[in-house]
Amino acid sequence: MILPVFIPHLGCPHQCVFCNQRTISGETESGLGGAQRQLAELSNWVRPSLENQLAFYGGSFTALDLKLQQALLELAETYRAQGLFGSLRLSTRPDAIDNQELALLKTHGVTVVELGAQSLDDRVLALTERGHSARDVWEASRLIQAAGFTLGLQLMTGLPGQDRESLLQTRDQVLAIHPELVRIYPVLVIQGTPLAAAYRQGSYQPQSLEDAVEESTLLYDAFTGAGIQVIRLGLQPDRELCAPGHILAGPFHPAFGELVKSYSIRLKILRQIASLPPGNYNMVITCPKGLESMVRGQHRSNLRYFQEELGLPVTLETGEKLEVRFYDRETV
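Residues numbered from 1 in each chain as written. Predicted model: local features only at pLDDT ≥ 70, side-chain atom pairs only at ≥ 80, totals over all residues. Heavy atoms only, no water.

Participant: Looking at this structure, I do not really get the pattern of salt bridges. What am I missing?
Facilitator: If charged atoms from side chains of opposite charge come close, those side chains can pair. Tallying each qualifying case throughout the model produces 12 salt bridges. The shortest N-O distance in the salt bridge between Lys268 and Asp221 comes to 3.5 Å. Highlighted residues: Lys268 in helix α10 (residues 256-274) and Asp221 in helix α9 (residues 209-225), separated in sequence by 47 residues. Salt bridges sharing partners connect three or more residues here, namely Arg89, Glu114 and Arg183. (Salt bridge = Lys/Arg side-chain N within 4 Å of Asp/Glu carboxyl O. Helix = DSSP H or I, 4+ residues; strand = E, 2+ residues; numbered from the N terminus.)

Participant: Please clarify how the sheet that holds strand β10 (residues 281-287) should be interpreted in this entry.
Facilitator: Backbone-to-backbone hydrogen bonds pair the strands of a sheet. The strands run either parallel or antiparallel. Reading across the sheet, the three strands line up as β11-β10-β12 and stay open at both edges, with mixed pairing between neighbours. Unpaired on one side and paired on the other, β11 (314-318) and β12 (323-328) mark the two borders of the sheet. On average, each strand axis in the sheet is inclined to that of its neighbour by 20 degrees, with strand direction left out of account. Relative to β11, β10 runs parallel, the two being bridged by five bridges. Looking across to β11, one finds that Met283 is bridged to Val314. Set on the sheet, α10 makes contact with β10 and β12; between it and β12 the angle comes to about 35 degrees. (Pairing = 2+ DSSP bridges. Axes fitted to C-alpha atoms, helices over the stretch in contact; angles between N-to-C directions. Contact = heavy atoms within 4.5 Å.)

Participant: Is there a simple way to explain the packing of aromatic side chains in this structure?
Facilitator: Both the distance between ring centres and the angle between the ring planes are used here to describe each pair of aromatic rings. If you walk through the whole model with that rule in mind, you get four aromatic pairs. Judged by centre distance (6.4 Å) and plane angle (80 degrees), the ring pair of Tyr281 and Phe326 falls under edge-to-face. Placement of the pair is Tyr281 in strand β10 and Phe326 in strand β12, with a sequence separation of 45 residues. Residue Phe326 is classed as buried on the basis of its relative accessible area of 18%. The cationic tip of Lys106 hangs over the ring face of Phe149; the distance from NZ or CZ to the ring centre is 4.8 Å. Sitting over the face of the ring of Tyr305, Arg266 holds its NZ or CZ atom 4.4 Å from the ring centroid. (Phe/Tyr/Trp six-rings, centres within 6.5 Å; stacked < 30°, edge-to-face > 60°. Buried < 20%, exposed > 50% of the residue type's maximum accessible area, 1.4 Å probe, protein only. Lys NZ or Arg CZ within 6 Å of the ring centre and 35° of its normal.)

Participant: What should I look at first to understand the environment of Leu64 in this one?
Facilitator: Note on placement: Leu64 falls in the loop between β2 (53-57) and α3 (66-81). For the pair Leu64 and Ile231, spaced 167 residues apart in the sequence, the C-alpha separation amounts to 26 Å.

Keep in mind that these numbers describe shape and distance, not what the molecule does.
Structure follows, in structure tokens:
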């Protein structure tokens, strides 16, 4: 279990146009006091286990003043000594990583370092006011992997200035870096961000849900196919984020990850259909029970697509693995 401790915007030298961590996380207090309170609350209800992992999220941990970094890590150590968790993970900026920082993290049991890359297109990074370059992502990734940490990259679709070509170039660069973990978030227009002002002025148009699912699937299929684990698709739909007035626009869906995985299954089946010789077919899809909802698609969207758009009758059966079989109606 990951035990999140949020330090919203702490250490962030820039206001990214899309970001309001206080709204996203629901945590309004940054700094050591906020971390102490959150850890005390976690210790009251979390079952101690060395399998648990403490995570510092919402800020740029390695960009913090060194004394505050040490204070936060030492605070965490007191709870690790009590058996609450076994290791730590954190997120930070690509331009706030060096070997001295990594040595400090290693001495305090950090095993996973996630970089808020968002894009590897320098033009997009400038438009989103990230304050770092694609080269910074490459160099930080190299240092993290060389030091023996698990590397995670956080990416976004629908960024200002990001077209399909830019996204695919980012995808290819991430494949070359080959992190162990990736998170994929479509941009949402969050209250209290510069992007919210641009949206109201009409200078930013968010993605549709359909486009966000399609582009996220392009990333998801490429990364999982290369053995890179995609550990998150879309923001966590918690109470704070979903409060009225917090999301102004954008492709938010509480089951965004399932939409992407369902669309991925549709594309895989469509590739099989495209390889068939001409004929009139019935299709039988066999899958484990746990995959049935994703094979069907939300509101049976996949099955309706095959049956109504392609005129392909479908039977769904339970089996040990996902398999698709076709029977020519003329010969059955």
